[in-house]
Amino acid sequence: MRIIKSKQLIRGISIYGEIVLLILASFSPLLDRPQKALLVLVLFLYNIKYAKRATKDKWVILGAFLMIFMISFALDLRNVSSLIQVNILNLYFPLCVMLGFLISQKYQVDEYLYFIEKIVFVSALFSLVSVFLYTFLPDIAMSLPKYTNEHTIRRTALLFNIMTSNDGSYLVHRNMGIAWEPGAFQILLNIGLYSYLRLNNKTSLLRIVIYFMAIFFTKSTAGLLIFMLITFNILKNDKRGRILILISFIAFGIPIFNEILYHINNKLLGSASFSIRFDPLKDAFINGSPHIFGLGNSGFDINYRPYNKLPYDSLGQIFLRYGYFMLLLVGTRLLRLLKGYKILFFILIISFSAQNIWYLPFLTPFYFVSINKAVSR
């Protein structure tokens, strides 16, 4: 009996450790790109044995991805005059997709979501500690160790990061948790909340409130929009959840209303913030349209990056780098989720529209979801 329990404990530590590493490799700003690439490679080699579990349809999907990657790489070689100019992303992106393929063989989707939720909830709790610090104890928040990510200076306590101005001179009151920015952290939080609601018939009101507060303080437009979709689903399917939502709106009605009003006026259609994000996406599709297989990663850096505003989102990035076929493949794989994981589809498509996250190894397993008789929630 003790041996069985010991094996279960070791397996549990191994699984949670692996999911934590996937999250860190995808979202942590404390790791630089070479460190993330090494971590993804280690996870790939550790899980390569699960390739033998793959069904024919999943091999076909992986083959389609790899074919597009190889064609793009071959064409991209025309953009360089030496090997030094070859973009390492030509290897990193396929590696992230192949790791996602292996993870999808190792875990059933709901099993993967279950482990994700346990870890993300802990992260949500620690993120609220950061909210408390930058709100009520700003001197302590500003005294935390500094780190630099993408030419910006931030503060960290390892278990959470605190957002500051780009030069690090003052605090920005947005919850970024363990991620590189609030818009990235909301993805983890909303997937965590979705997973919790999907996998538990009896839910804890306190747990949902913690998720709500963590998402609310990200002040992410995409995050709040996704949370509203999840809330609508609760209203439709969960009588107990309706009571929680009513209580929440009574308790936090004014700040919620003010935040929603702010996003409507300053970040949605017609606003300057919307134009800043939409115009690069529009330019990406205009400039990328003549290139069936995209500019390539080296071509993107050489011919596009110096002269144009880069698209913030996944769709524009995919189209510019890999062209029509990759955009179609990723789009069809996401649409597949509508048959069994409807809310997850909306979480991903809205987040893809706001962040360049399509290649993150935490998310690529969802490209290989097999829909059997999953309940669409």
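One can find the structure itself at the top, above this paragraph.
Residues numbered from 1 in each chain as written. Predicted model: local features only at pLDDT ≥ 70, side-chain atom pairs only at ≥ 80, totals over all residues. Heavy atoms only, no water.

Draft legend 1. Spotlight on the sheet that holds strand β1 (residues 146–149). Here we have 4 strands laid out as an open sheet, ordered β1-β2-β3-β4, and antiparallel in their pairing. At either margin of the open sheet sits one strand with a lone partner, and together these are β1 and β4 (171–175). When strand polarity is set aside, the average angle formed by the axes of neighbouring strands in this sheet is 45 degrees. Here strand β2 (residues 152–156) pairs with strand β3 (residues 161–164) via 2 bridges, running antiparallel. Its bridge partner being in β3, Arg155 is matched across the sheet by Ile162. Contacts between helix α5 (residues 109–136) and the sheet are confined to β3 and β4, with β4 contributing the most and set at about 150 degrees to the helix. (Pairing = 2+ DSSP bridges. Helix = DSSP H or I, 4+ residues; strand = E, 2+ residues; numbered from the N terminus. Axes fitted to C-alpha atoms, helices over the stretch in contact; angles between N-to-C directions. Contact = heavy atoms within 4.5 Å.)

Draft legend 2. Local environment of the packing of helix α13 (residues 314–335) against helix α14 (residues 342–352). Where α13 contacts α14, the axes come no closer than 13 Å and their chain directions differ by 170 degrees. As far as their axial angle goes, α14 and α13 are roughly antiparallel. Side by side, α13 and α14 meet where Ser314, Leu315, Val330, Leu334 and Leu335 of the first sit next to Phe345, Leu348, Ile349 and Phe352 of the second. Here the residues of the contact of α13 with α14 are counted per class, giving 8 nonpolar, 1 polar and no charged. (Parallel < 35°, antiparallel > 145°, perpendicular 65-115°, else oblique. Nonpolar A, V, L, I, M, F, W, Y, C, P; charged D, E, K, R; others polar.)

Draft legend 3. The environment of Ile103, seen in detail. Mapping Ile103 onto the fold places it in helix α4 (residues 89–106). Through-space distance from the C-alpha of Ile103 to that of Leu22 is 10.0 Å; in sequence the pair is 81 residues apart. With residues near it in sequence (within four places) discarded, Ile103 still touches Glu18, Leu22, Asn47, Tyr112 and Pro365.

Draft legend 4. Structural detail: the pattern of salt bridges. Following the criterion strictly, the structure yields 5 salt bridges and no others. Of the charged contacts in the structure, one is a salt bridge between Asp110 and Arg198, with a shortest N-O distance of 2.8 Å. One end of the pair, Asp110, is in helix α5; the other, Arg198, is in helix α7 (residues 182–199), with 88 residues separating them in the sequence. Given the relative accessible area of 28%, Asp110 is considered partly exposed. For Arg198, a relative accessible area of 9% gives the class buried. Residues Arg207 and Glu117 are paired through a salt bridge, measuring 2.9 Å at the closest nitrogen-oxygen approach. (Salt bridge = Lys/Arg side-chain N within 4 Å of Asp/Glu carboxyl O. Buried < 20%, exposed > 50% of the residue type's maximum accessible area, 1.4 Å probe, protein only.)

Draft legend 5. Layout of the nonpolar core. Counting 94 residues, the largest nonpolar core has Ile19, Phe65 and Ile191 as its most contacted members. In this structure Phe65 touches Val97, Met326, Leu329, Val330, Arg333, Tyr367 and Phe368, once residues within four positions along its chain are discounted. Ranked by size, the runner-up nonpolar core spans 5 residues in total, among them Ala284, Leu295, Tyr304 and Leu320. (Core = buried A, V, L, I, M, F, W, Y, C linked by side-chain atoms within 4.5 Å.)

Draft legend 6. Region of the structure containing the environment of Val122. By secondary structure assignment, the location of Val122 is in helix α5. Sequence separation of Val122 and Leu159 is 37 residues, and the distance between their C-alpha atoms is 9.5 Å.

Draft legend 7. Layout of the packing of aromatic side chains. A full pass over the atoms with the stated rule returns 31 aromatic pairs. Ring centres 5.1 Å apart and planes at 75 degrees place the aromatic pair Phe345 and Phe346 in the edge-to-face group. Three or more aromatic residues link up through ring pairs in this structure, and these residues are Trp59, Phe65, Phe69, Tyr92, Phe93, Phe101, Tyr322, Trp358, Tyr359, Tyr367 and Phe368. Positioned above the aromatic ring of Phe300, the side-chain terminus of Arg321 is 4.0 Å from the ring centre. (Phe/Tyr/Trp six-rings, centres within 6.5 Å; stacked < 30°, edge-to-face > 60°. Lys NZ or Arg CZ within 6 Å of the ring centre and 35° of its normal.)

Draft legend 8. Spatial organisation of the side chain of Ser195. Position of Ser195 relative to the elements: it lies in helix α7. Classification of Ser195 as buried rests on a relative accessible area of 1%. One polar contact links the side chain of Ser195 to the main-chain carbonyl oxygen of Ile191, over a distance of 2.6 Å. Among residues more than four places away in sequence, those in contact with Ser195 are Leu113 and Glu117. (Polar contact = N/O pair within 3.5 Å; in protein donor to acceptor, adjacent residues only side chain to side chain.)

Draft legend 9. Fine view of the pairing of β4. Pairing between β3 and β4: 2 bridges, direction antiparallel. Following the sheet pairing, Ile162 is matched in β4 by Asn175. Two successive antiparallel strands, β3 and β4, enclose a turn made up of 6 residues, where Gly168 displays a positive phi of approximately 75 degrees.

Draft legend 10. Main features of the environment of Leu95. Inspection of the secondary structure assignment puts Leu95 in helix α4. On the basis of relative accessibility, which here comes to 14%, the residue Leu95 falls in the buried class. Placed 266 residues apart in sequence, Leu95 and Pro361 show a C-alpha to C-alpha distance of 8.6 Å. Residues contacting Leu95, with those up to four places away along its chain left out, are Ala37, Val40, Leu41 and Phe44.

Draft legend 11. Fine view of the pairing of β1. Burial along β1 is one-sided: the face carrying Tyr147 and Asn149 is buried and the face carrying Lys146 and Thr148 is not. As judged from the 4 bridges shared by β1 and β2, these two strands associate in the antiparallel manner. Looking at the pairing, Asn149 lines up with Thr152 of β2. The turn joining β1 and β2, which pair antiparallel and follow one another in sequence, is formed by 2 residues; a positive phi near 50 degrees is taken by Glu150.

Draft legend 12. Inspection of unusual backbone geometry at higher detail. The backbone of His151 shows a phi angle near 65 degrees, a positive value even though the residue is not glycine. Locating His151 in the fold gives a position in the loop between β1 and β2.

Draft legend 13. Spatial organisation of a nonpolar patch on the surface. Together, Leu30, Val122, Phe126, Val129, Leu158 and Leu159 give the surface a local cluster of nonpolar side chains, amounting to about 500 Å² of exposed area. Inspection of the secondary structure puts Val129 in helix α5. Its relative accessible area of 39% is what places Val129 among the partly exposed residues. (Patch = residues over 30% accessible without salt bridge, like charges linked within 9 Å, V, L, I, M, F, W, Y side chains within 5 Å. Areas by Shrake-Rupley, 256 points an atom, 1.4 Å probe, with all protein chains shown as cover.)

Read these as spatial facts, not as claims about activity.
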